[in-house]
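Below are the chains, spelled out letter by letter.
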Amino acid sequence: MQQDKVKIKLSGVSASLLPCLWVRAQLSKEYSSLFYDEKAIELVEKIDFEFSTSDVPFQGIWFNISRKLNLPPCGPPVLRAKHFDDKIRAYIAGHPHASVISLAAGLDTTFYRVDNGTIRWYDLDLPAVIDIRRQLLPEPDRVTYIAKSLLDPSWCKDVNTEDGVFMIAGGVFQFFEQSEMKQFFSMLADNFPDGEIVFDVLSKLDIDFGAWIDMLPQEQRDAIRVAWMEAWVEALKDWWERAPQDQKDKVNGMIAALKTPTKPKGKEWSDIEAWWNKLSDTEKEGVMRDYIKSSSRGVMKWALEDANDITKWDDRITVIDQFPLYRDIPRDSLSAEMRQFMDHSDRNGRFNIVHLRV
Ligand SMILES: C[S@@+](CC[C@H](N)C(=O)[O-])C[C@H]1O[C@@H](n2cnc3c(N)ncnc32)[C@H](O)[C@@H]1O
């Protein structure tokens, strides 16, 4: 019942943990043969938060777009988890008492999917997030929560290193500068010799949002562009009806900052729609790209094309594996649009999974 649910207020990067949880629960309900996370479903039901029209800045818009484009929620938050699970299971098969650390855990529930009954588990995140985690998911046996920044070297001393250390980090490294990442990996090498880490990473293409569309063959590119543009404006309209005023103000601010020759005459949806309808297709596309860029500007920072670059920063680190996000993901239950999307994404190296020994 609504009154029993936990109300969550998070801001900045930490708010991004909610959509990650939501898509894992959603995919588990809709495509359980691909991925199933019962604990994520349970958690979403405990939270008082309207995920599909979320007031996390603009996240609701993306959910609506993926629905309209017939793309199920198979993005990085879900499918990286599938790869992480496989990697953890392989590691703990050889190290049954290992310490496994989920860095920037948010409301990640990996422990419940992979536990072998003997591992030690650590979930680390910023103090505000760990408070929420404790409220929703009290620490079970063999699990320790660490309320620290992953950049703070003191957390390394909170981990038992006797039986091997394996780390996962999902959806977080893009928020750091490259200089911070360099220090971070050296800190791991100092503290966990022979430890392993698996993480997902964006390519520069994705940081420069929209650029990956340009790499598609012309025909698919045009089709995706048109569909994307139509879906974008419909989704924005949908969102507008439900969005809180401060979020609408942010959108208006972004539109005002666009480099378009014309601007909406007012701040209501009808003004935006009237302005939009008068733009040419090329102008519409330009608006959409600028808008997307401005909404992620300053937030998305670190991108990596080849994990071997990290070994050049610190020669104690070696690459065990790196591969595109959708490799080996069964596609049979997915829509043709989704299969196409996954193939394009992998071919262009949009997101990668990286596995290192430190
Ligand atoms: C996109 S969410 C991903 C959460 C989780 N890994 C998942 O897959 O659901 C990003 C997470 O990074 C956490 N985060 C951001 N900066 C951090 C830092 N300096 N140290 C630890 N966690 C951080 C946020 O609080 C948030 O939980």
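Summary of the structure given here.

Reading the values: rules and limits
- Residues numbered from 1 in each chain as written.
- Predicted model: local features only at pLDDT ≥ 70, side-chain atom pairs only at ≥ 80, totals over all residues.
- Heavy atoms only, no water.
- Buried < 20%, exposed > 50% of the residue type's maximum accessible area, 1.4 Å probe, protein only.
- Helix = DSSP H or I, 4+ residues; strand = E, 2+ residues; numbered from the N terminus.
- Arc of directions from axis to C-beta.
- Contact = heavy atoms within 4.5 Å.
- Near = heavy atom within 4 Å.
- Polar contact = N/O pair within 3.5 Å; in protein donor to acceptor, adjacent residues only side chain to side chain.
- Areas by Shrake-Rupley, 256 points an atom, 1.4 Å probe, with all protein chains shown as cover.
- Expected span 1.5 Å × (residues − 1).
- Pairing = 2+ DSSP bridges.
- Axes fitted to C-alpha atoms, helices over the stretch in contact; angles between N-to-C directions.

### Quick word on helix α6 (residues 127–136)
In step 1: Within α6, burial applies to V129, I130, I132, R133 and L136. In a view along the axis of α6, the buried residues occupy a sector of 160 degrees, so they form one face of it. Turned more than 90 degrees from where α6 packs its buried face, D131 and Q135 sit exposed.
In step 2: For α6, the secondary structure elements touched by its buried residues are β1 (6–7), α1 (17–30), α2 (38–46), β2 (47–48), β4 (120–125) and β5 (143–147).

### Focus: the site of the ligand
In step 1: As a matter of local geometry, the ligand sits amid 21 residues, with S14, R24, R80, A104 and D125 nearest to it.
In step 2: At 2.8 Å, a backbone N or O of A104 approaches a nitrogen atom of the ligand.
In step 3: In the complex, 94% of the free accessible area of the ligand, which totals 590 Å², lies under the protein chains.
In step 4: If you list the elements that add at least two residues to the shell around the ligand, you get α1 and β4.
In step 5: Top element by residues in the shell around the ligand is α1. It accounts for three residues.

### Focus: the environment of R331
In step 1: Along the chain, R331 falls in the loop between β8 (318–324) and α14 (336–347).
In step 2: Distance in space between the C-alpha atoms of R331 and M342 is 8.9 Å, their sequence separation being 11 residues.
In step 3: In this structure, R331 is in contact with Y326, R339, M342, D343 and D346, ignoring residues within four places of it in sequence.
In step 4: Of note is the side chain of R331, whose polar atom sits 3.0 Å from the backbone oxygen of Y326.

### Some details on α1
Since one α-helical turn is 3.6 residues long, residues separated by three or four positions face the same way.
In step 1: For α1, with 14 residues, the first-to-last C-alpha span of 20 Å sits near the 20 Å given by 1.5 Å per residue.
In step 2: Of all the positions in α1, only L17, L18, P19, C20, L21, W22, V23, R24, A25, Q26, L27 and S28 are classed as buried.

### So, the pairing of strand β7 (residues 196–202)
In step 1: When you tally the buried positions in β7, you get seven out of seven residues, the bulk of the element.
In step 2: In β7, alternate side chains face the same way, and those of E196, V198, D200 and L202 on one face and I197, F199 and V201 on the other are all buried.
In step 3: As judged from the four bridges shared by strand β6 (residues 165–169) and β7, these two strands associate in the parallel manner. In the sheet register, A169 faces β7, and the bridge partner there is F199.

### Comments concerning the sheet that holds β5
In step 1: Taken in spatial order, the seven strands make up an open sheet running β5-β4-β3-β6-β7-β9-β8, and their pairing is mixed. Looking at strand neighbours, the two that pair on one side only are β5 and β8, the edges of this open sheet. Taken over all neighbouring pairs, the strand axes of this sheet differ in orientation by 20 degrees on average, direction set aside.
In step 2: Across six bridges, the pairing between β8 and strand β9 (residues 351–357) is antiparallel. Note that in β9 the partner of D321 across the bridge is H355.

### A look at the environment of W228
In step 1: In this fold, W228 is placed in helix α9 (residues 218–242).
In step 2: When its relative accessible area of 9% is taken as the criterion, W228 is described as buried.
In step 3: Counting along the chain gives 57 residues from W228 to E285, while the straight-line C-alpha distance between them is 9.3 Å.

On their own, these measurements won't tell you what the molecule is for.
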